[in-house]
Amino acid sequence: MRSNSNLRSRQHGMGMIGWMTVIGVVVVFMKVGFTLGPIYWNHYKALNVIKKVVANPSSGTYGPAELRGALQRYWDIEDITHFQPKDIKVIKTNTGRAFQIDYEVREPFFKEVSFLVHFAQDLPLPGGIE
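Bear in mind that the values here come from a model prediction, so they are computed numbers and not experimental data. (Residues numbered from 1 in each chain as written. Predicted model: local features only at pLDDT ≥ 70, side-chain atom pairs only at ≥ 80, totals over all residues. Heavy atoms only, no water.)

Student: With reference to specific residues and values, describe the nonpolar core.
Tutor: Ile50, Leu71, Trp75, Phe83, Ile88, Phe99 and Ile101 are the most contacted members of the largest nonpolar core, which totals 23 residues. Counting residues per element, the ones that place at least two in this core are helix H2 (16-55), helix H3 (64-78), strand E2 (96-110) and strand E3 (113-124). Here this core takes 8 residues from H2, the largest share from any one element. Among all residues touching leucine 71, those that are not within four sequence positions of it are Val49, Ile50, Val53, Pro85, Ile88 and Phe99. (Core = buried A, V, L, I, M, F, W, Y, C linked by side-chain atoms within 4.5 Å. Buried < 20%, exposed > 50% of the residue type's maximum accessible area, 1.4 Å probe, protein only. Helix = DSSP H or I, 4+ residues; strand = E, 2+ residues; numbered from the N terminus. Contact = heavy atoms within 4.5 Å.)

Student: Could you give me a rundown of the sheet that holds E2, with the residues and numbers involved?
Tutor: Read from one edge to the other, the open sheet built from 3 strands follows the order E1-E2-E3, with strand pairing classed as antiparallel. For this open sheet the edge positions go to strand E1 (89-93) and E3, each flanked by a neighbour on one side alone. The average angle at which neighbouring strand axes cross in this sheet is 30°, direction not considered. As paired strands, E1 and E2 are joined by 5 bridges and run antiparallel to one another. Directly across from lysine 89, in E2, lies its bridge partner glutamine 100. The sheet contacts of H2 involve E2 and E3, and relative to E2 the element is tilted by about 160°. (Pairing = 2+ DSSP bridges. Axes fitted to C-alpha atoms, helices over the stretch in contact; angles between N-to-C directions.)

Student: Just give me the short version of the packing of aromatic side chains, but keep the residues and values in it.
Tutor: The tally for this structure, following the rule as stated, stands at 6 aromatic pairs. Of the aromatic side chains, those joined through ring pairs into one cluster are Tyr40, Trp75, Phe83, Tyr103 and Phe119. (Phe/Tyr/Trp six-rings, centres within 6.5 Å; stacked < 30°, edge-to-face > 60°.)

Student: Summarise a nonpolar patch on the surface; cite the residues concerned and give the values.
Tutor: Taken together, Met14, Trp19, Val22, Ile23, Val26, Val27, Met30 and Phe34 make up a surface patch of nonpolar side chains, about 790 Å² in accessible area. Within the fold, isoleucine 23 resides in helix H2. (Patch = residues over 30% accessible without salt bridge, like charges linked within 9 Å, V, L, I, M, F, W, Y side chains within 5 Å. Areas by Shrake-Rupley, 256 points an atom, 1.4 Å probe, with all protein chains shown as cover. Salt bridge = Lys/Arg side-chain N within 4 Å of Asp/Glu carboxyl O.)

What follows is the structure, given as structure tokens:
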């Protein structure tokens, strides 16, 4: 017959505390993903809308108000939140005009802890009026 000390020295695997640690880490990463995922998905949808407007050949002749109107139509369809077309600036660059996106999203994570995500990007418009 084997003794308990001999049997314990041959056991392998994680104990309960090990499993609780692993599960805790997985839950934290899932919470981070569920918190940041929608922010990045929203930004991705906004970039696609802007690229659709930029891809329109006649958008190069639109003024800033017309460009924002074109953006707003897509904005409502795609249900984009966190910022509005009025927050997108039309700027002059060395090569023409561009949409300038510059915004921050603050999302609460846990009690006093929040994530702050900053997006900044310029997307050139096709040639046209200056």
